[in-house]
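Per-entry structural report
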Amino acid sequence: MIGQGTWNVPVRGAAADDAKRALRRGIELGMVHVDTAEMYGDGASERLIGEAIRDLPREQLFLVSKVLPSNATFEGTTAACERSLRNLGVEYLDCYLLHWRGEVPLGETMRALEQLVADGKIRALGVSNFDVGDLEEGRRALERERIACNQVLYHLGERSTEAHEFAYCREHGIAIVGYTPFGRGDWSDAPGARVVGRIAKARGVSAHAVILAFLTRDPIAFTIPKASNAAHVEENARGDMRLDAAEIAAIAEAFPVRRRRGGIPTL
Ligand code: NAP
């Protein structure tokens, strides 16, 4: 499942108009999962999405936003969610995430998120940048709801989450939403870029589409590329294809999974 990210989306002038057009084109092409956060442009990204979706049927969209850890007390989470709803111009979020773990006790944030579900402000709750220990603690802190997703850094050069969080998430029905799928473009300098290029050429799609198909080959994995340009969005939508076993093996070999010692990698 391929959605759309909105971090650093241009929010002023002609570039903002292009970004809104790109978002709408993505939605038309089925990329209805739109990811944002109160942090992005200090609410400006949410407002831009709000303008882009104003006349679209709400039920056709899947809107996700995130609370900053510094706001993640019980009252702070509730207030942040209300702000995000106002910015987006909608009555509810499809999923609301804790952006990363901070100082506020996890149980307090989880209680706030559960209350937001009960109040109809959010349909589901999730987390971001959580390793297995954090996920286990978060899961135990919940009384009524479950963690719908864990949004994590996941691209060709950073596949360690496959060795660490994937199995836990699969076991507990938690979707992995991979962010920064193009890894700041560094895949294109790696020796394995030739493998991606060969598959893209054979299939008549861009390398970006092949990368997105690879990153979503597991049914629990979503990806949320950000593109403020409609041509990029159209290329990314073509990533909604199934690679064959030989293509997957070739990419996996060119960009191997490396286990890590420290905590979950973030940007
Ligand atoms: P990304 O999606 O990997 O890369 C975005 C860059 O790739 C933009 O410069 C974009 O250009 C370019 N691009 C997109 N499609 C392209 C294509 N088909 N061909 C060529 N270039 C293309 O990076 P990201 O924005 O860091 O990550 C995606 C989303 O994940 C974010 O926007 C955000 O929603 C989320 N995220 C979450 C966290 C977290 O902590 N939870 C952290 C980082 C990101 P144009 O914009 O010019 O089209």
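Residues numbered from 1 in each chain as written. Predicted model: local features only at pLDDT ≥ 70, side-chain atom pairs only at ≥ 80, totals over all residues. Heavy atoms only, no water.

**Remarks on empty space enclosed by the protein**
What counts is decided by this rule: Site definitions follow a grid-based scheme: protein atoms alone, a 1 Å grid, a 1.4 Å probe that fits but cannot get out for cavities, and for pockets an open set with protein on both sides within 12 Å along at least five of seven lines, plus lining residues having an atom within 4 Å of a point. Grid points are joined across faces, edges and corners, and a volume is the space filled by probe spheres set on the points. Classification used: nonpolar for Ala, Val, Leu, Ile, Met, Phe, Trp, Tyr, Cys and Pro, charged for Asp, Glu, Lys and Arg, polar for all others including Gly.
Applying the stated criterion to the full structure yields 1 cavity of 30 Å³ or more. By volume, the largest cavity amounts to about 30 Å³. Lining the largest cavity, in full, are Gln 4, Gly 5, Val 9, Ala 19, Leu 23, Lys 226, Ala 227 and Ser 228. Across the lining of the largest cavity, the residue classes break down as 4 nonpolar, 3 polar and 1 charged.

**Digging into the side chain of Glu 38**
Definition in use: Secondary structure elements follow DSSP: runs of H or I no shorter than four residues count as helices, runs of E no shorter than two count as strands, and numbering proceeds from the N terminus. Under this definition, polar contacts are N or O atom pairs within 3.5 Å; protein pairs additionally need one hydrogen-donor-capable and one acceptor-capable atom, and for neighbouring residues in sequence, both atoms have to be side-chain atoms. Contacts are residue-level and defined by heavy atoms, with any inter-residue pair within 4.5 Å sufficient.
Mapping Glu 38 onto the fold places it in the loop between strand 1 (33-35) and helix 2 (44-53). For Glu 38, the side chain forms a polar contact with the main-chain nitrogen of Leu 68, separated by 2.7 Å. Within the structure, the side chain of Glu 38 is placed 3.1 Å from the side chain of Arg 83, a separation counted as a polar contact. What Glu 38 contacts, discounting residues up to four positions off in sequence, is Gly 43, Glu 46, Ser 65, Lys 66, Val 67, Leu 68, Asn 71, Ala 80, Arg 83 and Ser 84.

**Comments concerning the site of the ligand**
This is how the line gets drawn: Working definition: residue near molecule or strand if any one of its non-hydrogen atoms lies within 4 Å of it. Method for areas: the Shrake-Rupley scheme with a 1.4 Å probe, in which residue coverage is limited to the protein chains shown. More than half of a molecule's atoms within 2 Å of the grid points is what it takes for that molecule to sit in a cavity or pocket.
Not every one of the 27 residues close to the ligand is listed here, only the nearest: Trp 7, Asp 35, Ser 128, Lys 226 and His 232. Trp 7 has a polar backbone atom sitting 2.8 Å from an oxygen atom of the ligand. For the ligand, the protein covers 84% of the area, taking 900 Å² as the surface of the free molecule. Here the ligand is seated within the largest pocket.

**Remarks on the layout of surface pockets**
Estimated volume of the largest pocket: approximately 600 Å³. Contributing to the lining of the largest pocket are 27 residues, with Trp 7, Tyr 179, Thr 180, Arg 184 and Leu 267 lying nearest its centre. The calculated volume of the second largest pocket comes to roughly 250 Å³. For the lining of the second largest pocket, the residue count by class is 9 nonpolar, 2 polar and 4 charged.

**Section: helix 8 (residues 207-215)**
What counts, and what does not: Whether a residue is buried, partly exposed or exposed follows from its accessible area with a 1.4 Å probe, protein chains only, as a fraction of its type maximum: under 20%, in between, or over 50%, in that order.
When you tally the buried positions in helix 8, you get 8 out of 9 residues, the bulk of the element. Residues of helix 8 that are buried: Ala 207, Ala 209, Val 210, Ile 211, Leu 212, Ala 213, Phe 214 and Leu 215.

**Topic: the pairing of strand 5 (residues 147-153)**
Heads up, the condition is: The criterion for strand pairing is that DSSP finds at least two bridges linking the strands in question. A crossover gets the label right-handed when its path from the first strand over the helix to the second runs clockwise, viewed with the strands pointing away from the viewer.
Counted residue by residue, strand 5 has 6 buried out of 7 residues, so it is predominantly covered. Here 3 bridges tie strand 4 (residues 125-128) to strand 5, and the two strands are oriented parallel to one another. Within strand 5, the position partnered with Leu 125 by the bridge is Ile 147. Handedness of the strand 4-helix 5 (residues 132-141)-strand 5 crossover: right-handed. Here 5 bridges tie strand 5 to strand 6 (residues 175-179), and the two strands are oriented parallel to one another. Counted as the bridge partner of Asn 150 is Ile 176 from strand 6. Handedness of the strand 5-helix 6 (residues 160-171)-strand 6 crossover: right-handed.

**Thoughts on helix 9 (residues 230-237)**
This is how it is decided: Starting at the helix axis, one direction is taken to each C-beta atom, and the arc is that of these directions.
Along helix 9, the residues that are buried comprise Val 233, Asn 236 and Ala 237. Within helix 9, the buried residues cover an arc of 100 degrees as seen down the axis, which keeps them to one side. Elements in contact with the buried residues of helix 9: helix 1 (13-28) and helix 8. The N-cap residue of helix 9 is Asn 229: its side-chain oxygen and the backbone nitrogen of Ala 231 are 2.9 Å apart.

Just geometry here; none of it tells us what the structure is for.
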